[in-house]
Amino acid sequence: CELGRLGQKSGSGFYDYDEKRTPSPSPMVMELFKEYSARAGLETREVSDEEILDRCILPMINEGARILEEGIALRASDIDVVYVYGYGWPVYRGGPMHYANSLGLDQVVEKLRHYQQLTGDDFWQPAPLLVSLAEKGELFS
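**Q** Tell me about the environment of F140, and please be specific about residues and values.
**A** Note that F140 resides in the segment after α6 (128–135). Judged by relative accessible area, which is 7%, F140 ranks as buried. When the C-alpha positions of F140 and P90 are compared, they lie 19 Å apart, and in sequence the two are 50 residues distant. Those residues in contact with F140 that lie beyond four places of it in its chain are I61, A65, L68, A76, M97, A100, N101, L105, L129, L130 and L133.

In structure tokens form, the structure reads like this:
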């Protein structure tokens, strides 16, 4: 914003925009990111579509398991209904708890532990209910 890069209305922001408002990555912004990363001691890397999906959906599943543990919701399907009708989750996908069941809870726990180890952040620690169900080979009911 300080640079006057206010998005499409100014023709520049994170992206540069042509006269048809078609976005293209801005070399200037990419350079700013590189400089910031170097100062912060961060390494840049490629991030796969699968990792982006995992980092968005796995926390929802994990929080859903905590909601069930705490008795805030009675059934996993109650959580899915909230996501489908309250947040616009695609109906044909069934909600995050249904998605967890389709992946397999053992896979969900494995991925959460992977991100916990990768980041060192307890945010990714699997909920006890999730771990318990995965160890028994069960699914959310």
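And the narrative resumes.
**Q** Pulling in residues and values, what's your account of the nonpolar core?
**A** Core analysis: the largest hydrophobic core is formed by 25 residues, its most contacted members being L58, I61, L68, L105, V108, L130 and F140. Put simply, the parts of the chain that give this core at least two residues each are α2 (49–69), α3 (76–86), α4 (96–103), α5 (105–119) and α6. In contact with I61, not counting residues within four places along its chain, are P96, M97, Y99, A100, V108 and F140.

**Q** Before we move on, could you go through the pattern of salt bridges and cite the residues and values that matter?
**A** Throughout the structure, instances matching the rule amount to 6 salt bridges. Between D16 and R5 there is a salt bridge, and its shortest N-O distance comes to 2.7 Å. Placement of the pair is D16 in strand β1 (residues 15–17) and R5 in the segment before β1, with a sequence separation of 11 residues. The salt bridge involving D54 is made with K111; its shortest N-O contact spans 3.2 Å. With D54 in helix α2 and K111 in helix α5, this residue pair connects regions lying 57 residues apart in the sequence. We classify D54 as buried; its relative accessible area is 5%. Given the relative accessible area of 16%, K111 is considered buried.

Calculation criteria
Note that residues are indexed from 1 along each chain, following the sequence as it is written. Per-residue local features are limited, in this predicted model, to residues with pLDDT of at least 70; the limit for side-chain atom pairs, both in listing and counting, is 80 or more; totals at the level of whole chains, interfaces and linings are taken over all residues. Computation of side-chain values: all heavy atoms of the structure, hydrogens and water removed. Strands are runs of DSSP state E lasting at least 2 residues, helices are runs of H or I lasting at least 4, and numbering of each runs from the N terminus. Exposure classes here rest on a 1.4 Å probe applied to the protein chains alone. A residue is buried below 20% of its type maximum, exposed above 50%, and partly exposed in between. Should any heavy atoms of two residues lie within 4.5 Å, those residues are considered in contact. For this analysis, a nonpolar core means a set of buried residues of the types Ala, Val, Leu, Ile, Met, Phe, Trp, Tyr and Cys, connected via side-chain atoms within 4.5 Å. Salt bridges are defined as contacts in which a side-chain nitrogen from Lys or Arg sits within 4 Å of a carboxyl oxygen from Asp or Glu.

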